[in-house]
Amino acid sequence: MEKHLNLTLQVWRQKDGKSEGSFVDYPAKHISTEMSFLEMLDVVNEDLIRKGEDPIAFDHDCREGICGTCSMVINGRPHGPKERTTTCQLHMRSFSDGDTITIEPWRAKPFPVLKDLIVDRGAFDRIIAAGGFISAPTGCGQDANALPVPKQNADLAMDAAACIGCGACVAACPNASAMLFVSAKVSHLALLPQGQPERYSRVRDMVAQMDSEEFGTCTNHGECEAACPKGITMENIARMNRDFIKSSLTFRPEIASGGAG
Amino acid sequence: MELNARTPEGPIEKSWDKHRFDLKLVNPANKRKYKILVVGSGLAGGAAAASLAELGYEVECFAYQDSPRRAHSIAAQGGINAAKNYHNDGDSIFRLFYDTVKGGDFRAREANVYRLAQVSVNIIDQCVSQGVPFAREYGGLLDNRSFGGAQVSRTFYARGQTGQQLLLGAYQALERQIGLGKVKMHSRHEMQELIVVDGVAKGIVTRDMVTGEIRSHLADAVCLATGGYGNTMYLATYAKGCNGTAIWRAYKKGAAFANPCFTQIHPTCIPVTGDHQSKLTLMSESLRNDGRIWVPKRKEDCGKPPSQIPEEDRDYYLERKYPSFGNLAPRDVSSRAAKQVCDEGRGVGPTGLGVYLDFEDAINRLGAKKIEEKYGNLFEMYERITDENPYKTPMRIFPATHYTMGGLWVDYNLMSTVPGLFVLGEANFSDHGANRLGASALMQGLADGYFVIPYTIGGYLAGVKPGTRITEDHPAVKDAMAAVQNKVDRLFAIGGKQTPTHFHRELGKVMWENCGMGRNEAGLKKALEVIPQIREQFWQDLALPGSGNELNQSLELAGRVADFLEIGELMCRDALERRESCGGHFREEWQTEEGEALRDDENFCHVAAWEYTGDGNAPKRHIEPLKFENVHLATRSYK
Amino acid sequence: MSVAEQSIVGAEDRSPGFLDSSVGRKVVMAITGVVLFGFVTVHMLGNLTSYMGAEAMNHYAEFLHTMIHGMGIWVFRAVMLTAVALHSWAALSLTLSNRAARPVGYRAQQRQAATWASRTMRWSGVILGIFIIFHLLHLTTGSVHPSFIKGDAYHNFVTGFQVPAVAAFYILAQLCLGLHMWHGVWSFTQTLGLVHPRYNGLRRNFATVLTILVVGVNISYPVAVLTGFIH
Ligand SMILES: Cc1cc2nc3c(=O)[nH]c(=O)nc-3n(C[C@H](O)[C@H](O)[C@H](O)COP(=O)(O)OP(=O)(O)OC[C@H]3O[C@@H](n4cnc5c(N)ncnc54)[C@H](O)[C@@H]3O)c2cc1C
Ligand code: HEM
Ligand code: SF4
Ligand code: FES
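Residues numbered from 1 in each chain as written. Chains lettered and ligands numbered in written order. Predicted model: local features only at pLDDT ≥ 70, side-chain atom pairs only at ≥ 80, totals over all residues. Heavy atoms only, no water.

Peer 1: Would you mind going over the domain arrangement of chain A with me for this structure?
Peer 2: Size of an interface, as often reported, equals the accessible area lost when the parts are brought together. Residues and elements named next belong to chain A. You can read the domains of chain A as domain 1 (4-114) and domain 2 (121-254). The centre of domain 1, based on its C-alpha atoms, is set 30 Å off from the matching centre of domain 2. At the interface, 20 residues of domain 1 touch 20 residues of domain 2. Both faces considered, domain 1 and domain 2 share a buried interface measuring about 1,500 Å² in area, 61% of it formed by carbon and sulfur atoms. Three residues, R84, P110 and F111, lead the burial of domain 1 against domain 2; their summed loss comes to 37% of the area buried on that side. Linking domain 1 with domain 2 are 2 salt bridges. Here E214 makes a salt bridge to K109, at a shortest N to O gap of 2.8 Å. Taken together, the connections running from domain 1 to domain 2 amount to 5 residue pairs in polar contact (both at pLDDT 80 or more). In the side of domain 1 that touches domain 2, the residues fall into 9 nonpolar, 7 polar and 4 charged. (Domains from an automatic or database assignment. Contact = heavy atoms within 4.5 Å. Buried area = accessible area lost by both parts, 1.4 Å probe. Salt bridge = Lys/Arg side-chain N within 4 Å of Asp/Glu carboxyl O. Polar contact = N/O pair within 3.5 Å; in protein donor to acceptor, adjacent residues only side chain to side chain. Nonpolar A, V, L, I, M, F, W, Y, C, P; charged D, E, K, R; others polar.)

Peer 1: Help me understand the coordination of the iron atom of ligand 2 in this model?
Peer 2: Tetrahedral coordination by four donors places them ideally at 109.5 degrees to one another around the metal; octahedral coordination by six donors ideally gives 90 or 180 degrees. Residue and element names in this part refer to chain C. Every protein donor of the iron atom of ligand 2 is listed here as H87 (NE2) and H180 (NE2), and their distances to the metal cover 2.0 Å. Around the iron atom of ligand 2, the 6 donor atoms are arranged such that angles at the metal cover 86 to 180°; this shape is classified as octahedral. Taken together, the residues span a long stretch of sequence, with H87 in helix α3 (residues 71-100) and H180 in helix α7 (residues 164-191) at a distance of 93 residues. Each member of the pair, H87 as well as H180, carries the same accessibility label: buried. (Donors = N, O, S within 2.8 Å, 3.2 Å for Na, K, Ca; no water. Tetrahedral: all angles 85-135°; square planar, octahedral: opposite > 155°, others 65-115°. Helix = DSSP H or I, 4+ residues; strand = E, 2+ residues; numbered from the N terminus. Buried < 20%, exposed > 50% of the residue type's maximum accessible area, 1.4 Å probe, protein only.)

Peer 1: So what exactly am I meant to see when it comes to the interface of chain B and chain A here?
Peer 2: The interface is formed by 74 residues belonging to chain B together with 76 residues belonging to chain A. Across the interface of chain B and chain A, roughly 6,100 Å² is buried in total on both sides, 50% from carbon and sulfur atoms. Looking only at chain B, the three residues that lose the most surface to chain A are R70, H276 and R384 of chain B, adding up to 12% of its buried area. Summed over the shared surface of chain B and chain A, the result is 8 salt bridges. Among the ionic pairs, D66 of chain B bridges to R121 of chain A, the shortest N-O distance being 3.2 Å. Joining chain B to chain A, the criterion identifies 46 residue pairs in polar contact (both at pLDDT 80 or more).

Structure, rendered in structure tokens:
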């Protein structure tokens, strides 16, 4: 049943990457429990605009829990209190009348704040660019059924590939580690036959890029898994570690070899 | 304006092969001397940028999101069609072609659709080799499901996240090229203007959405893959940022806009709950494989809980009206049928704008576990949004704006009426006619990006001398930059009281009422009066905080709404001029006795392409006649 | 160039140095951790000889000192020292980079999954480090022992623990060891990738049983001395 709530928001406001930020309180009045969290912020922002104030900047796009754009820490939990739910899919029925809600951006050195709740997650793209792919130029594909993939592997690969790249794992990790994200991509590709040729160079390159972005390292707290809206499991981290170790043990430096002309 | 479709002559089966052979090639050593801008990183843009870079061109790619991986294509759920006939159930390239032409209600160009069906096969091969984890059967081979408008199982899928997985495939290929330094990616950059010199596209102007910097990018060719303009309706299944700005700028610089009124209303979305609603969520069409759609037979029963309405008092209206396609009737037909029963007062839910999508039979037949396996994440999503458990009580659904078949007019090479400007994916008008079948937008976006543009752009560039790009001091560049700056300044100068969303919502209401599922002359004429009024109010009473030199989401939105306010008018104008019903365009004046769409092939078997003639002037309507030589014009029937 | 523009040309610059990498250092931590836990477990078992009286224990100690002609103990000490050094180095360097990865903290962070043990690894580790040094000075070199007799391990052991403060510190260290082990044993399987869903329950249980066993028996020593059971 629809109800209405009166809330107090404590929101991190920061003009841009160079400025200092601070928390500012905003009332949110007569909020329907049928609204999504972002719709609640829309209502607050519309009011701010009408009053001539700067609305709260937050990242969002699909509002269906799939693009991974929305990103805020709500009452100390990335994406808020509901398990396996992104901020955009969180509904106000998860809150009660009179609540005070603290809203902060993802906090990690590799995710600098651009404004208010918006951070720059380009580090994730660079990690993918470093190796998170299968080199299969357009046109090279053989018949899609030529290489059967055991259903279980296909399903596990899909589980890992479900990652939306939101960064909640980094935000939740006490060490701001990106291992859950990186391992999800490593696993997705390592579980498929098509991913085998580059399996070991991929994991090495991706981990190297992850490190150079200055993410922290996993100490196996499990916070990432608990925060992940897509249910990516830490088994992927173990798989990545295993591949990384194997890769490091068997790594051969590349020797330049010329063609025969 | 001349609309030369450049469709190859001869038998349709051979036309793409022949055309590819006839296209001139660019010498491999010369490719890196050409620069191509790809605006958009969705399926169409991402695939194009990666493929063109693989060929050796210098590519720059743009997206308004923070990462190319977040393009709207990510949200597609159901699947992608391909004529693989892996299931031996009678599929073929010709059948996919036939279904698509018929599904589009005979308003698409045959040759384009045939090519689409041909390359559909290569798309699946390509995606699998990139590591797209399509659903598989126990033997390890690819699984398929059925989608609306087809009687064969040809839809490949990756759980309820097909678009996501296909996009990640393209994104990874794109990131690979970025890592190799072959593509320069500009995320959080919005295209605001097209630069045209002597009628030829030479570059774009963008606004950096973080710093506010306005700058030009100059190239030998420009590809727009910026998606659809369905957000004109305000409430839609589109991502919030989807906009018509890029194609609208191109339109104003001379690219014809084809069939703007052809919009798709998707039958299975979660109904609106209140005024706060900011977008609508789609429930994949694949649900119609196992779900049965019904409403109570009697109005009086609508308030009762569904479990208390016995079988004999339920009207499974799709099964009743369309026995051979049943719940899998195409989208336009299903949406209209839902509207009809709700108009009769038999809609369900608090607003009366909803119908049931019921899984009880399927759960009894297959077991809850199997249903969970197939649709688990969709059911979860539904429950998250509505707080109702679809395993126990039927889903409530209602149609919502979902896709735009219209878009910039392109020839067989995907080139617009502005030479050097190519348009890909949902942004063009090419393949779906007046109604798009499910699982074919992903197919088209990837076909355009992976398998069409890499060939056809070469044919264009072979005729462009390397090293003839214009420089930043060219007057056309300065003019374009000034126009963008000017628009920003004008928006800030208004100093009114209403938010950008306010005007967007107003526009949406007018559009949905008059240019939505049912359209008629009086309504469209009214809309054409009201929209300019809203636009005027917008330019008089918009409140815009902050400045242009910073990250300013209100400014971004205001700029988009300003364009929607113009696009909406063109949509209504086109709808008014098309005096027939076809596909998603249902003019109430033209219907059969049973309420089905009544086409007028005599007068409207053509593409309508609109030419911009200056602000304040009426745009000019051109036509490209359509010929149907392989699939014969017939009344579309799904009975 | 704005922050949004990205291109990572120069893939060849990415150095594959194992010890430079985060995962590599984690692996060092895990392997040295396993060596140390292995030692602790064997050490605990060896000390059971104390329940068999002075002769048995001294005999055992003598065996350790004379195996492989007296070389054994030095090889063993070298391995242990290296392990402790590498482990501490890895812990320090990883801790520093983890701290640096979040320069601005949260106002309110709610933990969902982290355990007390996992969150206090650094502290339990540091206390263990101090304890190890003390333990060596106490029972190996005798520098801080009130009545150290070289060669009489049993005597040193009993008289050592008769000082209540020493026994208390020893017990505290053992509790830290318990915390460190309980998370560490589970954690190293994860770090080394020795994980399969079929055996996940086993991993936790193994860590719990081993921890209770080692810590329980170890704590029994000072308790036995103080209560006069061993004298
Ligand atoms: C909920 C939902 C489900 C769907 N399910 C299916 C399905 O199951 N099967 C199917 O075939 N189709 C489906 N569709 C349709 C299909 O997803 C889209 O039509 C298709 O993905 C469009 O791809 P695109 O590459 O053309 O554009 P998009 O994916 O929309 O990409 C547009 C790109 O352009 C960029 N852009 C836009 N404007 C600008 C600008 N001004 N400046 C710079 N960059 C800009 C964006 O950043 C983005 O990168 C679905 C659609 C929706 C909404
Ligand atoms: C007898 C002594 C010690 C043993 C047996 C031991 C064992 C272990 C083991 C097995 C791990 C798990 C590695 C992994 O995560 O995979 C670990 C982690 C760790 N150890 Fe130790 N260690 C000991 C001493 C120390 C000391 C002296 C320090 C600090 C100076 C220390 C600090 C840490 C830290 C910080 C971690 C990482 C935390 C984590 O992984 O959660 N340890 N230790
Ligand atoms: S692993 Fe989960 S939390 Fe991390 S980026 Fe992916 S979806 Fe988000
Ligand atoms: S806005 Fe797309 S996941 Fe939340």
